[in-house]
Amino acid sequence: MLRIAICDDDIVGVNNLIELVSKYQEKHNLNFEIKSFTSGKELLKSDLSKYDLLFLDVDMGTENGIDIAVEIRKANQKLILVYVSGYIQYAPAGYQVKAFAYILKRDLFENFEITMDDVIKEYHYNQQTYKFKSDDMMINIPINNILFIESFNRTTDIHTIDWPVKCYTTKLQLNNIANDLAIKGFLQIHKSYVININHTIKMKNYIATLVDNKELPVSQRKWRDILDQFIAWKGRM
């Protein structure tokens, strides 16, 4: 079941989204749980950890959808966030809170189904996990929670996007992990680093920049091949 929240101070906007979500659910024979809110304050009082998808307006009178998303991210890093706004100028700010998509209200009925198709793909991707041993315990974490993987002093550290940030240490070799996760969008960029391409903003001047603005070195000798693989995967997203 996909648990969906809708937040917009305009009741017409809320009803439009409920209608579109309901029609998509029926058309594709899916099971959604839908909850609507007409203020960010009301949304923040709910159980934020339970939502898989949020449709959020940016400009809601005295409330700012970017500030609201900052608070939501503290409780739910996995949430797929889709902004639905009447103003294009707010779109760049969405990257600060890892927005998945940004739809202009005037284009909502035209672009909704395409966006939902991408959301469903992302949701299924988020359900995949990676299992490994760390400190004599078996760990099973969502693949999309992995930010990057680092080899150091004969051990390997798996860094996640969780808040607060978690790091798991394993004795698995970096090359083996890279091979296991290559088909899931992971790329070895250096003898000591593997990145999750989905959480990498750019690759330039032999540096990979992650969504948290962390910068990792890229092998100069393999730069061209690594960059080609990075671009090819980004093109699939």
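Structure first, text after, so check above.
Residues numbered from 1 in each chain as written. Predicted model: local features only at pLDDT ≥ 70, side-chain atom pairs only at ≥ 80, totals over all residues. Heavy atoms only, no water.

> Honestly, the overall build of the protein chain in this entry has me stumped. Any pointers?
When its secondary structure is counted, the protein chain shows 6 helices and 17 strands. Taking 237 residues into account, the globule formula puts the C-alpha radius of gyration at 18 Å, and the protein chain, at 19 Å, falls close to it. Expressed along its principal axes, the backbone C-alpha trace of the protein chain runs to roughly 55 × 40 × 35 Å. For the protein chain, buried positions account for 46% of its 237 residues. In the protein chain, 52% of the contacts between residues at least 6 apart in sequence involve partners at least 24 apart. In the form shown here, the protein chain has an accessible surface area of approximately 13100 Å², with 48% of it arising from carbon and sulfur atoms. The distance from the centre of the 29 positive side-chain charges to the centre of the 30 negative ones in the protein chain is 8 Å. (Helix = DSSP H or I, 4+ residues; strand = E, 2+ residues; numbered from the N terminus. Rg over C-alpha atoms; globule rule 2.2 N^0.38 Å. Buried < 20%, exposed > 50% of the residue type's maximum accessible area, 1.4 Å probe, protein only. Contact = heavy atoms within 4.5 Å. Areas by Shrake-Rupley, 256 points an atom, 1.4 Å probe, with all protein chains shown as cover. Lys, Arg positive; Asp, Glu negative; His and termini not counted. Charge placed at Lys NZ, Arg CZ, Asp CG, Glu CD.)

> Is there a simple way to think about the nonpolar core in this case?
For soluble globular proteins, the rule of thumb is that nonpolar side chains tend to be buried together. Ranked by size, the top nonpolar core spans 22 residues in total, and within it Ile4, Phe32, Leu53, Phe55, Val82, Phe112 and Met116 carry the most contacts. Of all the secondary structure elements, the ones that give two or more residues to this core are β1 (2-7), α1 (11-27), β3 (53-56), β6 (80-85), β7 (101-104) and α4 (108-126). For this core, the leading source of residues is α4, giving 6 residues. Here phenylalanine 32 is in contact with Met1, Leu2, Ile4, Val21, Tyr24, Gln25, Met116 and Ile120, once residues within four sequence places are set aside. Listed in part, the 19 residues of the second largest apolar core include Cys7, Leu54, Leu79 and Leu81. (Core = buried A, V, L, I, M, F, W, Y, C linked by side-chain atoms within 4.5 Å.)

> Even after reading the chapter, I still don't get unusual backbone geometry, so can you show me in this structure?
As a rule of thumb, non-glycine residues mostly have phi less than zero, and peptide bonds are mostly trans rather than cis. Residues other than glycine seldom take positive phi values, yet asparagine 29 does so here, at roughly 55°. Overall, asparagine 29 belongs to the exposed group, its relative accessible area being 72%. Its identity is not glycine, yet arginine 154 carries a phi of approximately 65°, on the positive side. Relative to the elements of secondary structure, arginine 154 occurs in the loop between β10 (146-152) and β11 (155-160).

> Would you explain the environment of leucine 56 in this entry?
Counting through the fold element by element, leucine 56 comes out in strand β3. When its relative accessible area of 0% is taken as the criterion, leucine 56 is described as buried. Separated by 167 residues in the primary sequence, leucine 56 and tryptophan 223 have C-alpha atoms spaced 39 Å apart. In this view, leucine 56 contacts Cys7, Leu43, Gly65, Ile68, Ala69, Leu81, Val82, Tyr83 and Val84; residues no more than four positions away in its chain are not counted.

> Where do I start with the packing of aromatic side chains in this structure?
The geometry of two aromatic rings is summed up by the distance between their centres and the angle between their planes. Throughout the structure, instances matching the rule amount to 9 aromatic pairs. Ring plane angle 50° and centroid distance 6.3 Å describe the contact between phenylalanine 148 and tyrosine 193, whose orientation is recorded as tilted. Taken together, the residues span a long stretch of sequence, with phenylalanine 148 in strand β10 and tyrosine 193 in strand β14 (residues 193-196) at a distance of 45 residues. With respect to class, phenylalanine 148 is no different from tyrosine 193; both count as buried. Put simply, the rings of Tyr24, Phe32, Phe55 and Phe112 pair up and form one aromatic cluster. (Phe/Tyr/Trp six-rings, centres within 6.5 Å; stacked < 30°, edge-to-face > 60°.)

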